[in-house]
Amino acid sequence: MQLFVEQVINGIANGAIYGALALALVLIFRSTGVLNFAQGEMAMFSTFITWKLTTGGLPVWGAILISMGIAFIAGAAIERTLIRPFEGSNRSPLNVVIVSLGMFLAINSLAQLVFGTDPQRLPSPVPNRRLTILESSNGGINITYPTLMLIAVLIVECIALWWLLQRTKLGLKLRAVAADADSARLHGIKAGSMLMFGWALSAAIGALAGAMVASSRVGFDASLMQTIIVYAFAAAALGGFDSLWGAVLCGIFVGVANSLTVQYVNALDGIELVMPLALILIVLVVMPNGLFGKRTVERV
Amino acid sequence: MSLLEMESVAGGYGQVQVLHGIDLAVEQGHVAVVLGANGAGKTTTLRAISGMIHVQGDIRFNGTSIVGRSPEAVSRMGIAHVPQGRGTFTDLSVDDNMRIGAINRKDGEVESDLATWYDLFPRLGDRRRQQAGSMSGGEQQMLALARAMMARPQLLLLDEPSLGLAPLVTRELFARLGELNREQGLSVLVVEQNASLALSIGHWAYVLETGRIAVQNEAVKLQDDEAVRKAYLGF
């Protein structure tokens, strides 16, 4: 029982990362209708920047914030220079998918070129201690501080995003462009600026997620996000691709499902990635709208 | 000076030219009606004004040329455009839709305007928390009208508001439009296939044929002109 609860908590913590990255995927998908396959690599590159800043003597929280700022600007620049020329209502959405696949390879190679191929270590923003709750004769349940941090960061992120999207004018503009870009422009909303902002925001969220993963590991290299992005895609698909909250909840679900399969299903030892792939397939076949996707009711 | 003036406006989509030199004016406080068959260029005329297509010729709003400006810039100058299909933000709530209408307003009267419009269109008020896409076509057209009015426009462009609506709903819509014009002095350029209803609230009317103005006259006179009715309007 104790092991089970600990595994669930670990799963939630990993799931918080999948959820955060899925959030970034969904944000771009909702505003542009495009899946950004390079999302994970953008996050990985930002993580290297965070690490580089800490080696320069910056405290890790400060490094994460600065790197999020850099990612924000870089995300906007990528939308402007690499995405916008290839999208438009008269072009196939596949164009941007191909561009994002190209970015996946390019950013990965660039990271190895700039930062080298040796694993690096990002210090944890919180002390690596553990908290024991529900103490009993057989030991109680252990939760580490980094685990708590992952969960806390996701909660703060969700509240901030919710506030931005539902409570501010900027958020309303973003949602308007995501719902109908042409109509939004007829209402005087600069659709181009909003798409740029969506990419910028996603890149910043990715930078935070990347730092969270890296700091919870012994070391990281350019392959940091490559399996995680698959879990994030599974979470986004499960959540229905257009629901932010669905992405977060399903990220946590995928995380828990994964940590329990790893613990209890020996047959999948070493091939744990089967689990998210199977989830993606099942969702696409059984309920293409996902668990939280809006079955848009449209009457004409 | 007219509120809106189009002078030999030509343009279209890519290689396909739809407008072959349109001359048209909307006077301050008037309702101008553009009639014509499918494919005559009615929608394209409105899209030209809103900067959604490239045009040659000149379009002036309050005397200022607006050719070459983006749709968002034209909107900010005070022209509200309700497109065909109504431009509903289907997965947003009715209330969010209304607020999008007022998104660029800096005055502090958005809330009181909201209340006014919900009073005028109680069906919208009742459904303000509901997903806009779940409403009927007629309700969505009312929403489109109210949302456009939330911008406090000087000129309202309406693209075939009657499309897909029941006759009774269409009649109510035009009654509301007539009220807005008479009571608030709203200037309107409405494009319609339903000629008799549109002419009943119009001051001046144009008949468009293959991208050119074929006939123009006072709306009342056009309505009574049997030759024009038979040739172009089919009633």
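Residues numbered from 1 in each chain as written. Chains lettered and ligands numbered in written order. Predicted model: local features only at pLDDT ≥ 70, side-chain atom pairs only at ≥ 80, totals over all residues.

1. Concerning the overall build of chain A
Within chain A, the secondary structure is distributed over eleven helices and two strands. Ordered by position from the N terminus, the helices and strands of chain A form the series α-α-α-α-β-β-α-α-α-α-α-α-α. On C-alpha atoms alone, chain A measures out to a radius of gyration of 19 Å, which is about the 19 Å that the 2.2 N^0.38 rule sets for 300 residues. Its C-alpha atoms put chain A at 65 × 50 × 35 Å along the principal axes. For chain A, the proportion of contacts with a sequence separation of at least 24, taken over those separated by at least 6, is 72%. (Helix = DSSP H or I, 4+ residues; strand = E, 2+ residues; numbered from the N terminus. Rg over C-alpha atoms; globule rule 2.2 N^0.38 Å. Contact = placed C-beta atoms within 7 Å.)

2. Let's talk about the pairing of strand E7 (residues 155-159) of chain B
All names here are of chain B. Of all five residues in E7, five are buried; the element is thus mostly enclosed. Covered by surrounding structure in E7 are Leu-155, Leu-157 and Asp-159 together with Leu-156 and Leu-158, the residues of both alternating faces. As judged from the four bridges shared by strand E6 (residues 79-82) and E7, these two strands associate in the parallel manner. Across the sheet, the residue bridging to Ile-79 is Leu-155, located in E7. As judged from the five bridges shared by E7 and strand E8 (residues 187-192), these two strands associate in the parallel manner. Note that in E8 the partner of Leu-157 across the bridge is Leu-189. (Buried ≥ 20, exposed ≤ 12 C-beta atoms within 10 Å, placed from the backbone. Pairing = 2+ DSSP bridges.)

3. Structural notes on the interface of chain B and chain A
Chain B puts 25 residues into the contact, and the matching count from chain A is 20 residues. Here the side of chain B that touches chain A is composed, by residue class, of seven nonpolar, 13 polar and five charged. (Nonpolar A, V, L, I, M, F, W, Y, C, P; charged D, E, K, R; others polar.)

4. A word on the sheet that holds strand E3 (residues 31-36) of chain B
To summarise the sheet geometry, strands pair through backbone hydrogen bonds and adopt either a parallel or an antiparallel arrangement. All names here are of chain B. Taken in spatial order, the six strands make up an open sheet running E6-E7-E8-E3-E9-E10, and their pairing is mixed. Every interior strand has two partners, whereas the edge strands, E6 and strand E10 (212-218), have only one. If you compare each strand with its neighbour and ignore which way they point, the axes differ by 15° on average. (Axes fitted to C-alpha atoms, helices over the stretch in contact; angles between N-to-C directions.)

5. Quick notes on the confidence of the model for chain A
Overall, the predicted model of chain A reaches an average pLDDT of 89, with 97% of residues at or above 70. Here strand E1 (residues 130-133) of chain A is the element of chain A with the lowest mean pLDDT, 83, and helix H2 (residues 39-55) of chain A is the one with the highest, 97. (pLDDT = per-residue confidence, 0-100.)

6. A word on the sheet that holds strand E4 (residues 55-61) of chain B
All names here are of chain B. Read from one edge of the open sheet, four strands run E2-E1-E4-E5, paired in antiparallel fashion. Edge positions in the sheet fall to strand E2 (16-26) and strand E5 (64-65), since each of these pairs with one other strand and no more. Note: E4 against E5, two bridges, orientation antiparallel. Residue pairing for E5: Arg-60 is matched across the bridge by Ser-65.

7. Brief notes about the pairing of E3 of chain B
Residue and element names in this part refer to chain B. With respect to burial, E3 is a largely interior element, six of its six residues being buried. With burial as the criterion, each face of E3 is covered, one bearing Val-31, Val-33 and Leu-35 and the other bearing Ala-32, Val-34 and Gly-36. For E3 and E8, the ladder comprises five bridges, and the chain directions are parallel. Across the sheet, the residue bridging to Val-33 is Val-190, located in E8. In this structure, E3 lies alongside strand E9 (residues 204-209), joined through five bridges in parallel fashion. Paired with Val-33 across the bridge in E9 is Ala-205.

8. Some thoughts on helix H10 (residues 244-264) of chain A
Residue and element names in this part refer to chain A. Taking 1.5 Å per residue, 21 residues should reach 30 Å; H10 reaches 30 Å between its end C-alpha atoms and fits that length. Residues Gly-246, Ala-247, Val-248, Leu-249, Cys-250, Gly-251, Ile-252, Phe-253, Val-254, Gly-255, Asn-258 and Ser-259 constitute the buried set of H10. Contact partners of the buried residues in H10: helix H1 (2-32), helix H5 (145-167), helix H9 (228-239) and helix H11 (274-286). (Expected span 1.5 Å × (residues − 1).)

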